Structure formats: C-alpha cells, structure tokens
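Listed below, chain by chain, are the residues.
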Amino acid sequence: MSSNRKCKCKTHNVADDGTTLLKLSKEDKIITRQHATFLMENNYVDRVNRGSICVGCLDKILPGHDYRNRNTRKRSRLTPPEDEPTSTEPTAPQSAFDITSEVQKIKEVLDPLMKSDTTTLHNEGKPSLDELVKYNAKTWLEDRPKELIDLLTSICGVNCLLDDKKSYLLAKAVEQIYYIRNSKLVLPLSFRESLVLYSFTYSKQAISLYCKTTPSSSYQTIKRFQADEAAAPILMPSGSVRIAFDNNQIIGKTYLIKGDNKIPTSIMTSTSYVQLNCSSDIQMQNNLKPEHWVWRELSDLEREELVSGEKPHLKTTFRTTRNIHIDHHLQMVEKQFDDDHKDYIDKHIIEEIECQEVKICANCGTENHYQFRVCRVCFEGPLEKQNLPDIKDEAGKNETCSNKMSFADDIPLHPNSANVQPGEPDFVNPNSYDTITSVIRGIGQRAGIRRYGGDEREWLFLECDGLPYKIVRDLCDNVFLCQQCNKSFYGIQLFESEDHRCFRLKPEDCVNSRVREFDWLVPIMGLLHLEMNIARAFLSLNWDIFVSKLAYSVGFESQRAQLYCKRGSDHHKTWNLLQIMYQALTEELLVPYVRVCHENNMKVDVQGYWNWAENMKNPNYKYIQHMVFTYLHAMMLFRTGVRHNDIDAIQSGMMRFSPLFFGRHHPKYQDILYRVFRDQVCLYSDNWLTQNFL
C-alpha cells in the first residue's frame with residue numbers, strides 16, 4: 001500500500017493491506033451517510049471528509065451490510081461491480097443498533113403489517129375535502145394494525161378507551177412513525193394541520209418548515225388543493241333556507257416609502273346557508289312572497305297594533321321574567337340583614353367612618369381622635385391611621401357568581417334543528433349599493449329563484465348586519481325591473497325617464513310590466529349587531545349619571561379607558577359591565593323595601609315591593625328603577641331569548657328597549673326597528689313564517 005494512500009481506520013490490521021480502498025470524501029459519497037456517521041461517532045475514523053478506508057475494515061465493522069451509496073452509483077475504480085441489492089429499505093448496522101431477541105420478535109410481527117398499511121395509505125393518495133371534514137382520529141386508528149395500537153397504548157400507559165385528545169395525539173404518533181418508514185406519505189391529520197396553519201399564516205415558509213417533519217404536504221400541493229376545491233361551486237341545500245352574508249376583509253399594512261408601494265388586501269363577502277327544513281316547500285308558495293304583504297297598506301287595526309307596541313302575551317312574558325328576577329334578589333337581600341336591620345354594606349360604612357375618626361398610637365396602641373398629633377396616654381408614640389376594612393359579606397360568601405339569569409329556566413328552550421354550512425363567497429365588499437346588488441343577484445341565482453330563471457324557490461330569507469340591512473331594504477323598495485327589456489332602474493323617475501327605451505316607445509305597456517326586482521327577498525336584521533348597538537345606546541344615555549363611576553370602580557380609570565368603555569369597543573367587556581349593573585342596582589333598589597319590611601314585621605314579596613314602589617317620590621330612585629327594571633331587564637331578556645331560540649322573549653325584549661334608540665341620536669336603528677315591527681304586523685298568521693322571521 002502506497003504511503004500517500006492508506007486506510008485511515010484506527011483499528012486497521014496489516015493483514016488487510018492491499019484490499020480495496022473507498023474514499024471518505026463528501027463529494028464522492030461512496031459510503032452512505034448513515035454508515036459514515038456511525039464510523040465517526042464510534043471513533044473508528046477521525047473525520048469523514050478526507051482519506052480512505054479499506055473494505056477489510058468495513059467488513060469487520062459492518063458485517064453483512066451494504067455500506068455503499070446506491071443513489072450515486074459511484075464505485076471506486078479498484079472495486080469490481082456488484083449486483084444491486086433487492087431490498088428497498090436501508091438497514092442499520094448491527095453494531096449501532098443492538099436488537100435484542102424480544103425486540104426482534106416485535107419487529108417480525110409489526111414489520112409486515114406496517115409495510116402493508118403504509119403501502120395502502122400511499123396508494124390512496126392525499127385525502128379529499130370531504131374526508132378531511134369527516135375525519136375522526138378514533139375511526140382512523142381503528143383501521144390501523146391492532147398490534148401497533150396496542151403496543152403504543154401500553155408504552156404510553158393509557159387504556160384502550162381513549163378520549164378525543166389522546167386519540168388525536170396517538171394518531172399523530174402513528175403518522176410520524178409511518179412518515180419515518182415512507183417520507184412520501186400524505187396523511188389526513190397532518191394535512192389538516194397544514195391547511196389550518198396556512199389559513200392563519202398565509203406563509204410559504206411556515207408550510208415548508210412544517211412539511212419537513214410531518215406527513216403533510218408541500219406548499220405547492222396545498223395551493224393546488226385549494227384551487228381544485230374552489231373550482232366547484234357550493235350548492236344551495238334543498239328545502240326552506242335562510243342565507244346570511246357579511247364582509248370578511250383583510251388589509252395588510254406596510255410602512256415602506258417607495259414609488260410602487262403595494263398593500264396586500266383581500267376583501268370578500270362570505271355567506272352561510274342555513275337549512276331550516278329539508279322537506280318543506282313553503283318557499284315555493286307564491287302567496288307568501290313579500291310582494292303580497294310588505295308594501296300593502298295597513299288597516300286601522302294594524303296601525304293601532306303598530307303604535308301600541310306589545311301584544312298581551314309579550315307583556316306577560318316580560319312581567320313574569322322580571323318578577324322572577326326581583327323575587328330571586330329579594331331572597332338574597334333578606335339574608336344579608338341582621339336583627340338591627342342592617343346589612344353588610346351598612347356595617348362596612350360604619351366601620352369605615354370609625355376608622356377615619358380614629359388614630360392608633362404606635363407605642364401603646366391606644367385609640368386617639370384623628371385630630372390629635374400626640375398620644376393622650378403615653379405622650380410619646382406617633383399616631384397612625386387605620387387601614388380601611390374590607391367588605392365582609394357573611395351571608396353571601398358561599399354563593400358563586402353566575403352569568404345565567406335567574407329567569408332563564410322559565411324561558412322555553414327550543415331545540416334548533418337547522419343545518420348550517422358555508423356558502424359560495426362573492427369577491428366584493430358589501431358596503432355600497434352596487435356591490436350589495438351584485439351579492440343579492442348572485443344569491444338569487446344560486447338559490448334557484450324564479451325571478452332569475454330558476455324553479456326551486458319563489459322567495460327566501462336574507463340576514464345581514466345593520467348598514468347592509470338598510471341598503472337591502474332601500475333596494476327592495478326602489479329597484480324596479482322592466483320585464484320587456486329585462487333592465488333594472490333605481491327609482492320611478494329613472495324608470496320613466498327618456499333613457500328607458502321601452503318607456504319612451506310604449507309607456508303604458510312598460511308601466512304594466514314594471515315589477516320590483518327584489519320582491520322575492522325577506523330581509524332579516526342580524527340580532528348580534530342589534531344587541532351591540534342597544535348596549536352602546538344605554539351606556540351613552542346613562543354615562544354621566546351612574547355608568548362612569550361604576551366603570552371607574554371596576555378598573556376603567558384613565559381618560560382613554562373611560563372613553564373606551566363609553567364607546568362599547570369590546571362587546572364582551574360591555575356586556576359584563578351591564579350584567580354588573582343589572583345585578584348590583586337590583587339589590588340596591590330592593591334594600592330600602594326590605595328594611596321597611598323588617599322594621600314593620602311585614603312579609604317580603606314581589607307584589608309588596610311594587611305596592612311600596614308606587615309611593616316612592618324620590619326622582620333618582622324612580623329613574624334608576626326605570627333603567628334597571630325596564631331597559632336592562634329587556635336587554636337581558638332579549639339575549640336569553642336569542643340563546644334559547646324563543647321568539648316571544650326576543651320580541652318582548654325588542655319592544656321594551658326600542659325607546660333607547662330614540663333617547664339619543666340613532667337614526668339608522670330607529671328606521672330599522674320601525675321596519676322590523678311593521679313587517680311583524682304585516683306578516684301572515686303562518687306560525688312557521690313568524691318563528692323564522694327573527
């Protein structure tokens with residue numbers, strides 16, 4: 001063996017001189033990376049990027065292993081060609097992985113099962129959208145080899161009855177094991193995660209990093225998957241439906257200053273299809289179309305009903321729930337009074353006054369009047385003020401605070417069997433007449449409305465927020481369609497102008513063929529936006545009276561925090577503040593009545609409270625009572641009715657809190673509520689139509 005070319009193995013035997021030498025250079029890659037790394041880690045060679053190693057040393061260190069790289073097919077010029085091995089999976093050297101007999105038995109059992117399962121999953125390809133939506137980790141694990149699942153559950157120390165979280169984690173572990181065996185697999189759980197990750201980040205780099213370690217997919221695969229799924233339109237469900245739409249806009253920000261600066265934007269209208277009844281044909285009935293009842297003249301009886309407001313059964317609902325609420329808090333307040341007719345707040349006020357009038361001597365502990373500077377007993381110690389005591393509610397210390405209203409159990413809970421699914425989006429921002437017109441026409445065409453050539457429906461419900469609702473109502477009232485030329489015009493004047501060719505040639509025939517284009521549409525106001533705006537109206541009306549101080553006491557102390565609270569910028573915080581007002585002010589209103597009852601040995605009940613309140617002359621008390629037991633209770637009743645799917649509670653709450661919109665400047669919702677109440681008066685007596693109107 002020449003001096004400049006010799007084996008670099010530290011365990012080289014002179015007897016092996018003259019055997020074939022294989023280079024350890026990274027460029028040649030003659031020896032597989034796995035075996036080369038094993039040689040360096042076990043101190044057989046110093047480095048794997050220089051020198052050579054003889055075949056004799058390799059055969060001793062790695063007996064029975066194919067240590068040559070099959071990808072490059074490169075061989076040393078001194079090595080004769082050999083037959084390619086039939087195995088397609090790389091094997092590890094025995095000296096690196098000391099497999100015991102027990103592990104070998106497990107391998108013999110699991111290896112063919114896992115090989116067959118991975119081959120089946122690989123042949124199935126990436127999952128479809130329906131498979132991803134219906135994916136269930138427990139069901140997926142049931143299709144995997146039972147021996148593998150039993151082994152993993154025993155290793156992890158869990159039983160076979162897995163909950164959703166552990167099933168998810170176990171399915172993730174199985175996917176990772178399969179991915180080690182076959183790096184080309186695309187498995188459903190990891191693919192779902194990659195789609196969710198991309199929907200939140202829209203980052204190619206994030207997907208690329210994620211797919212390197214999971215059997216998900218590449219960035220290009222995700223883009224192709226989205227493009228293929230978006231090609232097929234989402235079909236409208238059969239039967240009676242209710243469609244809701246809202247804007248979904250994403251506007252990026254960039255602070256670069258340059259000539260061709262671009263800001264990424266994505267503005268679209270998302271829709272949802274609500275299938276109310278899959279077998280109902282009520283929306284095929286022409287006599288229920290809005291054109292027959294929306295624009296008709298009201299009778300004298302209907303006008304009186306619209307002006308008077310609540311119906312008798314709605315008044316009963318409101319008063320019953322209010323009395324339940326008052327009775328519940330009467331019992332709580334009565335528990336707080338002692339034999340001296342004082343509750344814990346009265347005691348706290350007395351203790352607070354006493355603390356402010358007394359100073360304690362630090363030397364002898366004697367109580368002194370707060371005006372003294374030196375102790376009147378020892379004449380030495382400094383005088384210190386006492387800390388104000390905490391409020392101690394002994395009667396209610398074991399009670400837990402709940403967001404559930406006391407009258408919630410008395411409102412019927414109607415199960416909702418509607419099927420909700422995402423609808424076909426429109427790539428416009430619904431904030432103008434033109435864009436909302438295109439959205440409505442697209443919905444009408446997809447719904448199979450007869451106006452646009454379909455034969456599935458005569459009319460349908462359409463739900464939206466406050467601003468789009470006003471625009472939709474305006475379009476329903478003022479957009480006219482000429483059936484001769486099939487053109488739409490906004491307003492009678494434009495329809496009868498010289499620009500309309502049909503009217504210019506045959507005015508009488510044109511007027512007779514004039515119809516409202518959107519007479520098939522029943523607009524519905526979104527109840528969440530109504531709740532948000534009535535809460536803001538209440539805060540604005542009572543801010544300077546009592547809401548500002550209450551907001552300050554719960555943490556909104558700075559000027560900006562006060563303004564944030566007044567605007568109702570966060571509806572969750574706003575609603576929590578309203579609940580605090582509703583509960584606390586109720587008890588404060590009931591305390592004087594309970595004290596009078598204790599002093600005169602009278603029974604405490606709801607009817608007695610109303611009789612006592614009629615004689616109350618204090619204007620502040622009367623105002624707070626009206627705000628709490630009329631408007632705040634109406635808001636709580638409305639919210640509970642929405643969550644219980646009870647139409648009577650919703651209508652009763654709306655009727656009671658609607659005057660708040662007229663107490664301040666809220667012209668948009670004044671008009672909206674008028675249109676909603678008028679539609680309710682004009683509706684047919686059909687119970688199903690009334691129940692689904694709100």
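No experiment lies behind these values; they were computed from the predicted model shown.

Cut-offs applied
Residues numbered from 1 in each chain as written. Predicted model: local features only at pLDDT ≥ 70, side-chain atom pairs only at ≥ 80, totals over all residues. Heavy atoms only, no water. Core = buried A, V, L, I, M, F, W, Y, C linked by side-chain atoms within 4.5 Å. Buried < 20%, exposed > 50% of the residue type's maximum accessible area, 1.4 Å probe, protein only. Contact = heavy atoms within 4.5 Å. Helix = DSSP H or I, 4+ residues; strand = E, 2+ residues; numbered from the N terminus. Axes fitted to C-alpha atoms, helices over the stretch in contact; angles between N-to-C directions. Left-handed = near helix turned anticlockwise from the far one by under 90°. Nonpolar A, V, L, I, M, F, W, Y, C, P; charged D, E, K, R; others polar. Pairing = 2+ DSSP bridges. pLDDT = per-residue confidence, 0-100. Arc of directions from axis to C-beta. Salt bridge = Lys/Arg side-chain N within 4 Å of Asp/Glu carboxyl O. Patch = residues over 30% accessible without salt bridge, like charges linked within 9 Å, V, L, I, M, F, W, Y side chains within 5 Å. Areas by Shrake-Rupley, 256 points an atom, 1.4 Å probe, with all protein chains shown as cover. Lys, Arg positive; Asp, Glu negative; His and termini not counted. Charge placed at Lys NZ, Arg CZ, Asp CG, Glu CD.

Structural notes on the nonpolar core
Reasoning step 1: Counting residues in each nonpolar core, the largest one holds 101 residues, and the members touching the most others are Leu-530, Phe-538, Leu-578, Met-581, Tyr-609, Met-635 and Phe-657.
Reasoning step 2: Sequence-distant contacts of Met-635, that is, excluding residues within four places in its chain, are made with Ile-534, Ala-535, Phe-538, Trp-575, Leu-578, Phe-657 and Leu-660.
Reasoning step 3: Counting 18 residues, the second-largest nonpolar core is a separate cluster that includes Leu-110, Met-114, Leu-141 and Tyr-178.

Quick look at the side chain of Asp-426
Reasoning step 1: Here Asp-426 is to be found in the loop between β8 (419-422) and α14 (433-446).
Reasoning step 2: Owing to a relative accessible area of 14%, Asp-426 belongs among the buried residues under this scheme.

Some remarks on the packing of helix α6 (residues 146-156) against helix α7 (residues 164-181)
Reasoning step 1: At their nearest, the axes of α6 and α7 sit 11 Å apart, and the two run at 115 degrees to each other. Two packed elements cross with a definite hand, and for α6 against α7 that hand is right-handed. Together, Leu-148, Ile-149, Leu-152 and Thr-153 of α6 and Leu-170, Val-174, Ile-177 and Tyr-178 of α7 make up the contact between the two elements.
Reasoning step 2: Here the contact of α6 with α7 is composed, by residue class, of seven nonpolar, one polar and no charged.

Notes on the sheet that holds strand β5 (residues 358-361)
As a general point, the strands of a sheet are linked pairwise by backbone hydrogen bonds and lie either parallel or antiparallel.
Reasoning step 1: Strand order in this open sheet of three strands is β6-β5-β7, and the pairing throughout is antiparallel. Strands with a single pairing partner mark the edges of an open sheet, and in this sheet they are β6 (367-369) and β7 (383-385). Strand-to-strand twist of the sheet, defined as the mean angle between neighbouring strand axes without regard to direction, takes the value 45 degrees.
Reasoning step 2: The sheet contact formed by β5 and β6 spans three bridges and is antiparallel.

Quick look at the confidence of the model for the chain
Reasoning step 1: Scored by pLDDT, the chain has a mean of 81; 84% of the residues are at 70 or more.
Reasoning step 2: Here helix α27 (residues 687-691) is the element of the chain with the lowest mean pLDDT, 57, and helix α23 (residues 619-644) is the one with the highest, 93.

Brief notes about unusual backbone geometry
For residues other than glycine, phi is negative in most cases, and the peptide bonds are mostly trans.
Reasoning step 1: Here Asn-486, not a glycine, exhibits a phi torsion of approximately 60 degrees, which is positive.
Reasoning step 2: The exposed category is assigned to Asn-486, whose relative accessible area is 59%.

Overview of the sheet that holds strand β10 (residues 479-482)
Reasoning step 1: Reading across the sheet, the three strands line up as β11-β10-β12 and stay open at both edges, with antiparallel pairing between neighbours. Lying at the two open borders of the sheet, with one neighbouring strand each, are β11 (487-490) and β12 (514-516). Along the sheet, successive strands turn relative to each other by an average axial angle of 35 degrees, direction set aside.
Reasoning step 2: Of the pairings in the sheet, the one linking β10 to β11 comprises four bridges and is antiparallel in character.

Structural notes on α6
Reasoning step 1: Of the residues making up α6, those classed as buried are Leu-148, Ile-149, Leu-152 and Thr-153. An end-on view of α6 places all buried positions within 125 degrees of arc, on one side of the element. Within α6, the exposed residues directed more than 90 degrees away from the buried face are Lys-146, Ser-154 and Ile-155.
Reasoning step 2: The inward-facing, buried residues of α6 abut α3 (101-124), α5 (137-142) and α7.
Reasoning step 3: Where α6 ends, the next residue or the one after it, Gly-157, has phi of about 75 degrees, a positive value.

Comments concerning the pattern of salt bridges
Reasoning step 1: Within this structure, the stated rule accounts for 23 salt bridges.
Reasoning step 2: Ionic pairing is found between Arg-675 and Asp-477, a salt bridge with its closest N-O pair at 3.1 Å. With Arg-675 in helix α26 (residues 667-682) and Asp-477 in helix α15 (residues 466-478), this residue pair connects regions lying 198 residues apart in the sequence.
Reasoning step 3: Each of the salt bridges in this network shares a partner with another, and the network as a whole consists of Lys-289, Glu-291, Arg-450, Arg-451, Glu-458 and Asp-519.

A word on a negative patch on the surface
Reasoning step 1: A grouping of Glu-124, Asp-130, Glu-131, Glu-142, Asp-143, Asp-228 and Glu-229 is seen on the molecular surface, where their side chains present a negatively charged patch.
Reasoning step 2: Elements with a contribution of two residues or more to the negative patch: α4 (129-133) and α10 (219-231).
Reasoning step 3: Along the chain, the position of Glu-229 falls in helix α10.
Reasoning step 4: By relative accessible area, which is 32% here, Glu-229 ends up partly exposed.

Considering the environment of Ser-218
Reasoning step 1: Inspection of the secondary structure puts Ser-218 in the loop between α9 (204-211) and α10.
Reasoning step 2: On the accessibility criterion, Ser-218 (27% relative accessible area) is partly exposed.
Reasoning step 3: As a C-alpha pair, Ser-218 and Val-186 span 32 residues in sequence and 9.6 Å in three-dimensional space.

So, the pairing of strand β9 (residues 460-464)
Reasoning step 1: Among the five residues of β9, four are classified as buried, and the element is accordingly described as predominantly covered.
Reasoning step 2: The sheet contact formed by β9 and strand β13 (residues 521-525) spans five bridges and is parallel. Opposite Cys-464, over in β13, you have Met-525 as the bridge partner.

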